[in-house]
Structures are given as C-alpha cells and as structure tokens.
Amino acid sequence: MSEITMPRLSDTMQEGTIARWLKKAGDEIKKGDTLAEIETDKATMDLEAYEAGTLQQVLVQEGETVPVGQAVARIGSGAPDKDQGAEKTTPAPQPASATQTGGDHTPTTDAAPTVFERATERDADEESTGSKTAQDGSGKTSKASPLARRMAEEHNIDLRQVQGTGPGGRIVRDDIEDVLEQRETSPAPAPIPAAPQQETPTSTAPSEAERVKLSRVQLLIARRLTESKQTIPHFYVSSEIDMTDMLVMRQTLNANIGEEGVKVTVNDLIVKACSLALEKFPEVNSSLKEDHFVRYKQIHVGIAVDAPTGLVVPVIRDANTKGVRSIAREAKALIAKARNNKLAPVDLEGGTFSVSNLGMMDASQFVAVINPPQSAILAVAATRKQFVPVDGQPVIRDLMTVTMSADHRILSGATVAHFLQEVKQLLQNPYSVLG
Amino acid sequence: MEITYRQALHDCLREELLRDDNVFLLGEEIGNFEGSYKITAGLLKEFGSKRVVDTPIVENGFVGMATGAAMLGLRPIVEIMTINFIVPSMDQIVNHAAKIYAMFGGQCPIPLVIRTPGGGGQQLAATHSQNLEVWFAHVPGLKVVAPSTPADAKGLLRTSVRDNNPVIFLENLALYNVKGEEPAPDYTVPIGQAKVTKEGTDLTVISYSRMAAVALDVARRMEQENNLSIEVVDVRSLRPLDHETILSSVKKTNRAIVFEEDWRSYGIGAEIAATLQEEAFDDLDAPIKRVASLEVPLPYSKPLELATLTGAKQLLEAINELAPRRRRGKQ
C-alpha cells in the first residue's frame, strides 16, 4: 500500500485544496488516471496516479486544504480499508448470508473464514451496544494526537465531531485550533429573547445569512487586491477612442477567416495596440522594486477573465511580437482554460501590463485595480454610437472610453496621457495594429 | 573575531597545558607529525615530550596507560585518531575508566578526556566513517559531549579537562574547518546543558555535533523561504542528556525531529524520542521523527556514500512532512 501525497505543483505552492475527487474508495486505478482536481494558490490542476491499484482510502475530503507532502489518499491492492478513518461513508454492512454461515454452512474457500470472523465480530459489537446503528456517524473512529486529545478535553470538544487532517486522518492540534477559531468567529447561539426584547429594534443585522467559504484563488485575489489598492497610489486617466474604422477593419478581417479560423475580438486588437504602445513607453512596462525600477524587456499582457472561481488574469506573452490572429487564438484558448479551471501556474505568471474589458457588458465607464507588481491596468468600457461634430456637422461614430489606472510612484500623469494618446492613435489607424 | 573549530581545540589544549602541569596529551602522531588533523600543531615544540606524548599504534595500551595516569592524579587528554580506531580500547574505556571510581569505593576519580572525531562523507569507506558515540553514551560512568561550533568546542573541552570523570569528547572531520565566533577567554560550557541555537514555534529539530550545524542552516533557510518557524536544539552533551531543554522546546512546538548522523536503530534519536514520549506525551501532536543515516556499512563510491549518509535534504523532507498546517511563526 502506498500513500498519495499532495504534490508540489508550483515553486510557491505550500498547500493545496482538494477541489473534487474523480475517484472514490474501491475504484480500480490505472497509472495516469486523474484521481482528483487540486486547487492551488494559482490554478486548478489534476492529481494523477503514478501507480495502478485500488483506491483504498480517501484521507482528505473535498474542500479541505492540506500542506504539500501530506497524504491525501492510499492506493493498494485488494479491497478498500475497513477503517475508513476520515471517510464520511459508513462501511458497507457485511452480507447477511455471511453471518448465517456460522452454524450450518461449511466454508468452501480460503477466503470465507475471514469473512465469517469479521461477520461474527460485527455481530458481537452490535450485541454489546444493543444497537444496529452503532456504526452510524458516531461510531466513526477518531484517531487523535495526545496533544489534540488534551486540548479537546480542556475545551470540551467532542473529538467525534472533528475532522482529522493529520496523517491517516489523525486529529491534530491544527484541527482543534480550527474548531476553537470557528467557535470564536461564529456568533454564540443567541439566547431565546424574552418577548418585550423582541420588539426593541436593537439589531439591524439580517436574520439569515449563508456562509460561503473562499476558495484558495478567492483568498489570494482578496489579499492581493486589498494590498494593491491600499499600498499603491492609484491615479486615473481616461480617454475616448474612435473605434469606427477599427470595427470596419475587424469585420473585414473576420469575414475572411473561413470555418475554423478564430475571430479577432475588439479586445485582441486592444491588447495588440497596448503592447505596441508599451514598446514605445518602457516606463509603463515596468515595476517598482525597493529603490529601483525594473524595466521589462518583454511585453506580456494579462487579460482579466471572469472565471467561475473568481477573477483570473492569464497572460499573453510577447504580445508585441505576435500578430492579432495569434493573439486571438491564444486569448481564446486561455479564456476557455480559465472558464474550466484548467489554467496552469505558467499561464498566469509574468504579466507586465493588464487589460480589463467590460465593454461587452455595456459598462459605460469604470476604473480597475492595478495587478501588482505591474504599473498600470487599462479598463475598457463599451463602444457606443455617438454624434460627433465633423466639419461642423453631427456624424455618428463608434466611441469607446478607456481608463488607465496607474501607479503614481512609477508613472506621471503626463506619461500616462502620452501612452493613451499612442494607444488611441494606434486604434484609430487600424492598419497600424496589423504590423 | 572568528576562529575555526580546529583552532578552538588547539587553543584550548594549549591553554590547559599552560594552566595545569598535570595536564598532558597522548596519542598517535600528535607530536612530531603534529596530529593527523593538526589539532596539536606546535605543542610538542612548546611543551616537550613529557607533556605531548607520541604513542605506538596500540589504542588499548595507551588508553589503559592514560587511565592509570589519571588514577594517580594526572589529567591526560588522549587523542584517538578517529572514532573508528577506538574499538581496540573499548575494554579499557568501558570496563576500567568508566567503573574504577564506583568499584573501588570512590578512592580515585578518573579525570580522563578522550578526544576523537567521527563522521563520514570523505570517501573513507565503511571502517573509517563511523559514528559510534552512542556506544559510550550508553555507559554509566562516562560523560559524552559533542559540540557543533568552535565556541562550544572550546567551552566544552575546557570543562571536560577540568571534570573528574572520564569524558568522551566527540569531534567531527567535517567540522574542523568550520568557522565561528571566538568565545571570551576562559569561556566554559557546562556538561549536560543543551542549547537552543534558534528559537521557533512550529517544530523542533534536536541534534548534536555536525548535524546540529546542518539543522541550524536548514532551519534558517526554511524560515526565510517557507515562513516556517523551526526551533533548533543542539544537545551538546549526549550523556548526561539535558531533558529540561528538549522537553520545554517540544512542549512549545509539539512536534519534534531528531537529526543524527549515526545509524537509526538504537541510536541517539531513539533515546531522545523515548525521553520525549515518556515526559511530554500529552504535548505531542505527531509521532517523533528520526532522521538518520541508512543502516549499511558505508560504501566507498561517492554516489553511494551520498545516498547513504543523511543530510540537509533528508532533514528538509522530514520537516515538510512534519510541519503543521497552521503556522504559528511570525507572519
């Protein structure tokens, strides 16, 4: 029997969450089978089996987080473990016929006596407790470290109610501390108020609330965005860009791609325009590191994607050297991966600038939060038809508002305005982004 | 000011020779050749052949001679070239030096020091790379010390020379060139006192001799890279063992690894683990881990030697396995 441990899927990974088990105890496993999906701080990845056998025991349940190296399951040959440890399912009852073999049936195979013994042990158990449901829930074994037992005693915690996350499902200090923390954060059960108190409007809190635990990715997003908005001196510069000619060109471009071709989106064109502008403004393509600026040679543009688990920003590498069709193809693949939680850490690393586009959702204008360590992010709003005076006459044009959030420690207002001028100039002269 | 472990030993020997006329050195090649590892460099010239005695290659003979000299009031410091060569003198050490004081009604103490380096990793193969200290740590009547830094080497050697019991003073081939802070003149370290060389909250690594230095290094690295707060305890004395320090550390961190260069079975780690479970059972949050070398006669081949001996990599793996999910270290 061997243990399957939480793998280290990226350099920075310290712990992982079992997002979903694709196999359950008792399943036959072939080498290379995907056992589970693991959520790390960066992405969701597959846990593959390196050997064949039977999945004996699942040690870590879906939604639980364990450090790298900790056993999450056991693989062996033969039937799954009797001692299910952390398994929530109760063991299947022995076939009733096995119990009956005791008196009048001679076992015919080598295996039979074992079954017989187990069956009688079970019977004895049930007799002693006088209950047929002795194995239900409360009968779950609770292996616990000596310290965890002592702490449970001190704090009046029922170990049978605690999910162990140590090796083999052992309840350890961490698990008891989890329980204590929950006790602290969840409000104590409210005493039943006396009738008159009910009438005084002392509390305005909603009476019912659903608690939704943050995923690893959501925790990371929460932390990084807070850090960004609280520590980076953001400032904002907006610009209105006439997209009329660009939209015409895009239509022509997409009309000739054939069945299998990938359509170029407005966002792909914006990514391309930004990457070309970044070539001209290396100060925008940079980070602040203690006492110096880091000016990146390569231009990697991140695109904000609304994935089911939260915001992710996969990166299109060297966008300035790629044609718009390549960018479109890559962006499409990354967005599909993001939607299916299949982004690998490498898809998310190394961005030097970001584009966030809410145009398709009809946002008329918005500002984005900088994605550190980048210096800026471009928020792209919807393109709308508006009357514009041309030679003193009202003409209908497609106008798009973009707003750049920039780090004032790195960039000045003038630099950002110049940068936006460049982006605008590129987008208003469609053929310039085809270079 | 920094000095090497080698220099610390040399300086201490010289200072003790100067301080007390009863102190003398004996061993193979320590005089004319100035010691196989040059610990005794220059001492024959300075103190003469009565105080620095070259012996024939006969360990049971000169350890017996030293024991006799100690019985008559001298304070011999024996150098056994490496711990591997101590085997012929086991009878003198275990049956005589360790027992004379008790067996003859306390008539004469045995103020004897036996200095000897252990350790592998120099491609010296199975019979020249051993860590046999546990044999001596097992024997009542002996004291066994195993410092890991130049300062402790000086402080413990001085205390050993001045102690009235036979002391096995364990050195390590790979420590001789290690540099560390030079202690104040006349610095002493009491025998039987462990030292917390790095404070931490998530788990404790207990070690001695060279592995204590490796452990400290690994712990510092892990703290920087993984935000894991590891406490390192250098026991320094194997006999008597400082229970109080290791217990109070493990009562704080609740998880322990014993890291030792010797073999795992019946080793120093076994003794420490047993002590912890006896005296701190209710504070343990995980089984105590032992990280030791593989139990085979050490191969000569470099790749095989590397695969056999324990080290930073093995300790790192054990720490990763044992580390708690919730970190209590400074954020």
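Definitions and cut-offs
Residues numbered from 1 in each chain as written. Chains lettered and ligands numbered in written order. Predicted model: local features only at pLDDT ≥ 70, side-chain atom pairs only at ≥ 80, totals over all residues. Helix = DSSP H or I, 4+ residues; strand = E, 2+ residues; numbered from the N terminus. Buried ≥ 20, exposed ≤ 12 C-beta atoms within 10 Å, placed from the backbone. Contact = placed C-beta atoms within 7 Å. Nonpolar A, V, L, I, M, F, W, Y, C, P; charged D, E, K, R; others polar. Axes fitted to C-alpha atoms, helices over the stretch in contact; angles between N-to-C directions. Parallel < 35°, antiparallel > 145°, perpendicular 65-115°, else oblique. Left-handed = near helix turned anticlockwise from the far one by under 90°. Pairing = 2+ DSSP bridges. Expected span 1.5 Å × (residues − 1). Right-handed = clockwise from strand over helix to strand, strands pointing away. Core = buried A, V, L, I, M, F, W, Y, C linked by C-beta atoms within 7 Å. pLDDT = per-residue confidence, 0-100. Arc of directions from axis to C-beta.

(A) Inspection of the overall build of chain A at higher detail. Counting its secondary structure elements, chain A contains 11 helices and 18 strands. Relative to its 435 residues, chain A shows a buried fraction of 31%. Put simply, of all contacts in chain A between residues at least 6 apart along the chain, 62% involve residues at least 24 apart.

(B) View of the overall build of chain B. Helix and strand counts for chain B come out as 12 helices and 14 strands. Across chain B, contacts joining residues at least 24 apart in sequence account for 78% of those joining residues at least 6 apart.

(C) Spotlight on the interface of chain B and chain A. Each side of the interface is counted separately: chain B has 14 residues, and chain A has 17 residues. A class-by-class count of the residues in the side of chain B that touches chain A yields 5 nonpolar, 3 polar and 6 charged.

(D) Region of the structure containing the packing of helix α8 (residues 266–280) of chain A against helix α11 (residues 413–428) of chain A. All names here are of chain A. Where α8 contacts α11, the two axes come as close as 9 Å, and the packing angle between them is 130°. On the basis of their axis angle, the class for α8 and α11 is oblique. Crossing geometry of α8 relative to α11 is assigned as right-handed. Here Leu269, Ala273, Cys274, Leu276, Ala277 and Lys280 of α8 come into contact with α11, specifically with Phe419, Glu422, Val423, Leu426 and Leu427. A breakdown of the residues in the contact of α8 with α11 according to their chemical character gives 9 nonpolar, no polar and 2 charged.

(E) Summary view of the sheet that holds strand β4 (residues 75–79) of chain B. All names here are of chain B. Spatially, 7 strands are ordered β3-β2-β4-β5-β7-β6-β12 in an open sheet, and the strand pairing comes out mixed. Across the chains shown, the open sheet's two edge strands, defined by having one partner strand only, are β3 (52–54) and β12 (237–239). Put simply, the sheet's adjacent strands are angled 20° from each other on average, direction ignored. By the bridge criterion, 2 bridges tie strand β6 (residues 143–145) to β12 in an arrangement that is antiparallel. When the bridges of β12 are listed, Val145 appears paired with Ser237. Those strands touched by helix α7 (residues 150–162) are β2 (23–27), β4, β5 (113–118), β6 and β7 (167–172), and its axis lies near 160° from that of β7.

(F) Looking closely at the sheet that holds strand β10 (residues 203–207) of chain B. All names here are of chain B. One open sheet holds the 5 strands; their spatial order is β9-β11-β10-β13-β14, and the pairing between them is mixed. Either end of the sheet is taken by a strand with one partner, and the two such strands are β9 (195–198) and β14 (289–293). On average, adjacent strands in this sheet sit at an angle of 25° to one another, irrespective of strand direction. Helix-sheet contacts for helix α10 (residues 268–279) involve β10, β13 (256–263) and β14, and the interaxial angle to β13 is about 155°.

(G) Focus on unusual backbone geometry. A cis amide bond links Pro372 of chain A with the next residue in sequence, Pro373 of chain A, at an omega value of 5°. Structurally, Pro373 of chain A is set in the loop between β16 (353–357) and β17 (376–390). With an omega of -5°, the peptide bond between Arg239 of chain B and Pro240 of chain B qualifies as cis. Relative to the elements of secondary structure, Pro240 of chain B occurs in the loop between β12 and α9 (243–253).

(H) Examining helix α4 (residues 173–185) of chain A more closely. All names here are of chain A. Between the first and last C-alpha of α4 there are 18 Å, a value that for 13 residues agrees with the 18 Å anticipated at 1.5 Å per step. Considered for burial, the residues of α4 that qualify are Arg173, Asp174, Asp175 and Ile176. Residues of α4 that are buried sit in contact with α3 (146–155).

(I) Here's a closer look at the pairing of β10 of chain B. All names here are of chain B. Burial runs high along β10: 5 of the 5 residues are buried. As for the winding sense of the linkage, the β-α-β connection from β10 through helix α8 (residues 209–226) to strand β11 (residues 230–234) is right-handed. Both β10 and β13 contribute to a ladder of 4 bridges, which runs parallel. By the bridge assignment, Ile206 is partnered in β13 with Val258.

(J) The arrangement of the environment of Pro7 of chain A in detail. Within the fold, Pro7 of chain A resides in the loop between β1 (2–5) and β2 (15–21). According to the C-beta neighbour criterion, Pro7 of chain A is partly exposed, with 17 such atoms within 10 Å.

(K) Local environment of the nonpolar core. Within the largest apolar cluster, 103 residues are counted, with the highest numbers of intra-cluster contacts made by Ala215 and Ile257 of chain B. Looking at which element gives the most residues to this core, the answer is α8 of chain B, with 8 residues. Those residues in contact with Ile257 of chain B that sit more than four places away from it in its chain are Leu203, Val205, Lys289, Val291, Ala318, Ile319 and Leu322 of chain B. Judged by nonpolar contacts, the second largest core, of 74 residues, contains Ala273, Ala304, Ala381 and Val402 of chain A.

(L) Broad picture of the pairing of strand β4 (residues 34–39) of chain A. All names here are of chain A. Direction of pairing for β2 relative to β4: antiparallel, over a ladder of 4 bridges. If you follow Trp21 over to β4, its bridge partner there is Ala36. As defined by bridge partners, β4 adjoins strand β5 (residues 44–48) across 5 bridges and the pair is classed as antiparallel. When the sheet's bridge partners are listed, Glu39 is paired in β5 with Thr44. Hairpin connection of β4 to β5: 4 residues between the antiparallel strands.

(M) Focus on the confidence of the model for chain A. Residue and element names in this part refer to chain A. Confidence in the prediction of chain A, expressed as mean pLDDT, is 80, and 79% of residues score 70 or more. Within the model, the stretch residues 82–139 combines pLDDT values under 50 with 47 contacts to residues more than four positions away or in other chains. Note on residues 190–199: pLDDT is under 50 here. Beyond four places in sequence and across chains, it has 1 contact.

(N) A look at the environment of Thr383 of chain A. Residue and element names in this part refer to chain A. Mapping Thr383 onto the fold places it in strand β17. In the structure, Thr383 is positioned 24 residues away from Gly359 in sequence and 6.6 Å away in space, judged by C-alpha atoms. Among residues more than four places away in sequence, those in contact with Thr383 are Met243, Gly359, Asp398, Leu399 and Met400.

(O) Up close: the packing of α8 of chain A against helix α9 (residues 324–339) of chain A. Residue and element names in this part refer to chain A. At a minimum axis distance of 9 Å, the contact between α8 and α9 shows a crossing angle of 120°. The angle between the axes of α8 and α9 places the two elements in the oblique class. Of the two possible hands of crossing, α8 and α9 adopt the one that is right-handed. Taken together, the residues of α9 that come into contact with α8 (itself represented by Asp268, Leu269, Val271 and Lys272) are Val324, Ile327, Ala328 and Ala331. Class assignment for the residues of the contact of α8 with α9 results in 6 nonpolar, no polar and 2 charged.

(P) Quick look at helix α4 (residues 90–97) of chain B. Residue and element names in this part refer to chain B. Residues of α4 that are buried: Gln92, Ile93 and Ala97. Along the axis of α4, the buried positions cluster into a sector of 95°, meaning they face one direction only. Of the exposed residues in α4, those oriented more than 90 degrees away from the buried face are Asp91 and Asn95. The elements touched by buried residues of α4 are α3 (59–71) and α5 (100–103).

(Q) The confidence of the model for chain B, seen in detail. Counting all residues, the mean pLDDT for chain B is 96, and 99% of those residues have values of 70 or more. Confidence estimates for the predicted assembly give a pTM of 0.54 and an ipTM of 0.82.

(R) Here's a closer look at the environment of Gly76 of chain A. All names here are of chain A. If you trace the backbone, Gly76 turns up in strand β8 (residues 71–76). You can call Gly76 partly exposed: it has 16 C-beta atoms within 10 Å. For the pair Gly76 and Leu55, spaced 21 residues apart in sequence, the C-alpha to C-alpha distance is 6.6 Å. Aside from chain neighbours lying at most four places away, what touches Gly76 is Met1, Gly53, Thr54 and Gln56.

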